[in-house]
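What follows is each chain in one-letter form.
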Amino acid sequence: MPSTKSSIKPPRQAKPPKKVQKSVLEAEQVALVWDAPGLMAGVDEAGRGPLAGPVVAAAVILDDLNPIRGLADSKTLSAARREALYDEIRAKALCCSVAEASVAEIDDINILQATMLAMRRAVEGLRLKPVKVLVDGNRIPTLDVLAEAIVKGDSKVQAISAASILAKVTRDRWCAELHLKHPQYGFDQHKGYGTAQHLAALTEFGACPEHRKTFAPVTKVLHLGINVGINPGEAA
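All chains use their own residue numbering, which begins from 1 and follows the written sequence. Only residues with pLDDT of 70 or above have their local features reported here, since the model is predicted, and side-chain atom pairs are shown and tallied only from 80 upward, although totals for entire chains, interfaces and linings are computed over all residues. Side-chain numbers come from the whole structure's heavy atoms, not from hydrogens or water.

## Things to note about the packing of helix α7 (residues 196–205) against helix α8 (residues 216–223)
Our working rule: For helices, the fitted line uses only the C-alpha atoms of the stretch in contact; every axis is such a line through C-alpha atoms, and the angle between N-to-C directions lies from 0 to 180 degrees. Counting from the N terminus, the helices are the DSSP runs of H or I reaching at least four residues and the strands are the DSSP runs of E reaching at least two. If an angle is under 35 degrees, it is roughly parallel; if it is over 145, roughly antiparallel; if it lies from 65 to 115, roughly perpendicular; otherwise it is oblique. Note on convention: the crossing is left-handed when the near helix lies turned anticlockwise from the far helix by less than a right angle, right-handed when the turn is clockwise. Contact criterion: two residues are considered in contact whenever any of their non-hydrogen atoms come within 4.5 Å of each other. Here the nonpolar group is Ala, Val, Leu, Ile, Met, Phe, Trp, Tyr, Cys and Pro; Asp, Glu, Lys and Arg are the charged ones; every other residue, Gly included, is treated as polar.
Where α7 meets α8, the axes come as close as 9 Å, and the angle between the chain directions of the two elements is 20 degrees. The angle between α7 and α8 falls in the class roughly parallel. Of the two elements, α7 crosses α8, and the hand of that crossing is right-handed. Between α7 and α8, the contacting residues are Leu 199, Leu 202 and Thr 203 on the first element and Pro 217, Val 218 and Val 221 on the second. Its residues placed into classes, the contact of α7 with α8 shows five nonpolar, one polar and no charged.

## Brief notes about the state of the cysteines
To keep things clear, this is the line we draw: Note on terminology: disulfide denotes any pair of cysteine sulfur atoms within 2.5 Å.
Considering all chains together, one arrives at zero disulfides under this definition. No disulfide involves Cys 95; its nearest neighbouring cysteine sulfur is the one of Cys 96, lying 7.1 Å away.

## Structural notes on the pattern of salt bridges
To be explicit about the condition: Salt bridges, as used here, are contacts in which a Lys or Arg side-chain nitrogen is within 4 Å of a carboxyl oxygen on Asp or Glu. For every residue, the accessible area obtained with a 1.4 Å probe (protein chains only) is divided by the maximum for its type, and the residue is called buried under 20%, exposed over 50%, and partly exposed between those limits.
Evaluation of the coordinates by the stated rule reveals eleven salt bridges. Among the salt bridges present, the one from Glu 105 reaches Arg 121, with a minimum N-O distance of 2.8 Å. Taken together, the residues span a long stretch of sequence, with Glu 105 in helix α3 (residues 103–109) and Arg 121 in helix α4 (residues 111–124) at a distance of 16 residues. Residue classification places Glu 105 among the partly exposed residues on the basis of a relative accessible area of 24%. What makes Arg 121 partly exposed here is its relative accessible area of 31%.

## Quick look at the sheet that holds strand β4 (residues 132–136)
Cut-off, in case you're wondering: Should DSSP find at least two bridges between two strands, the strands are regarded as paired.
Strand order across the open sheet formed by five strands is β3-β2-β1-β4-β5, with mixed pairing between neighbours. Edge positions in the open sheet fall to β3 (95–101) and β5 (146–150), since each of these has one partner strand only. Recorded for the sheet is a direction-independent mean angle of 20 degrees between the axes of neighbouring strands. By the bridge criterion, seven bridges tie strand β2 (residues 55–61) to β3 in an arrangement that is antiparallel. Residue pairing across strands places Val 56 opposite Glu 100, the latter belonging to β3. Contacts from α4 reach β1 (40–46), β2, β3 and β4 within the one sheet, and its direction differs from that of β3 by about 150 degrees.

## So, the packing of aromatic side chains
What counts is decided by this rule: Any Phe, Tyr or Trp ring, taking Trp's six-membered ring, that has another such ring centre within 6.5 Å forms a pair; planes under 30 degrees apart are called stacked, those over 60 apart edge-to-face, and the others tilted. Comment: the charge-over-ring label is applied if NZ (Lys) or CZ (Arg) is within 6 Å of the ring centre and within 35 degrees of the ring normal.
Enumeration according to the criterion identifies two aromatic pairs in this entry. A ring pair is formed by Tyr 185 and Phe 187, whose centres lie 5.6 Å apart and whose planes are at 45 degrees; its orientation type is tilted. Residue class for Tyr 185 comes out buried when judged on its relative accessible area of 0%. Here Tyr 185 and Phe 205 contribute two aromatic rings whose centre-to-centre distance is 6.2 Å and whose plane-to-plane angle is 70 degrees, an arrangement assigned as edge-to-face. One end of the pair, Tyr 185, is in the loop between α5 (158–181) and α6 (187–190); the other, Phe 205, is in helix α7, and 20 residues separate them in sequence. Assessed through its relative accessible area of 25%, Phe 205 is described here as partly exposed. A connected cluster of aromatic rings, assembled from ring pairs, spans Tyr 185, Phe 187 and Phe 205. Directly above the aromatic system of Tyr 86 lies the positively charged group of Arg 173, at a separation of 4.3 Å from the ring centroid.

## Quick word on unusual backbone geometry
One non-glycine residue, Asn 110, adopts positive backbone phi at about 85 degrees. Examined against the element boundaries, Asn 110 turns out to sit in the loop between α3 and α4. A positive phi angle, near 55 degrees, is found at Lys 191, a position not held by glycine. Relative to the elements of secondary structure, Lys 191 occurs in the loop between α6 and α7.

Keep in mind these numbers describe shape, not what the thing actually does.
Shown next, in the form of structure tokens:
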């Protein structure tokens, strides 16, 4: 007896094209973001390399509704431009904080750890708490908020640029004040870096109290027994 079953097979459910499957997967991946909405702070430092003085760090939360033109890596700006931007950042940012780690702390825990300490103090000094902190460089301090290190961030992220300007101007002003106390070293010119002028002054006058004793050129003159430098005008 002939079969009564239909020979027509039901159509198979079509599989989505591979291209569609890929786009769905990509959409799911994009949705998995770790950043939370909220305030973002930029952090940078000034003074890791010099032979004297504190290392200074700044943290800045910018106001998107009150933009600042011309923000850039502080090292690429003239001193006059940095000073002008310093005042504008202080006036327009939602909040900012400048902190430091002292010479004694640098000599005690080393310059890297002192830099991280200054950065943490700057972030903790902010009036508003950010949900994320962007730090210039490849290391981040210990913080209680989400943080990310960005290499050359001072030229990529405006908040970091602003922080670099605050830190640089603050330390340069400190060097200008130190020059008044110890003019023989030329801090107003080399800002504490190990230039030929600075090294020659170290050899002639020894180290002043603001020099970092654990930095090799300073350690060398201390081992040679050269007396701590004094202002020539104060000499008896």
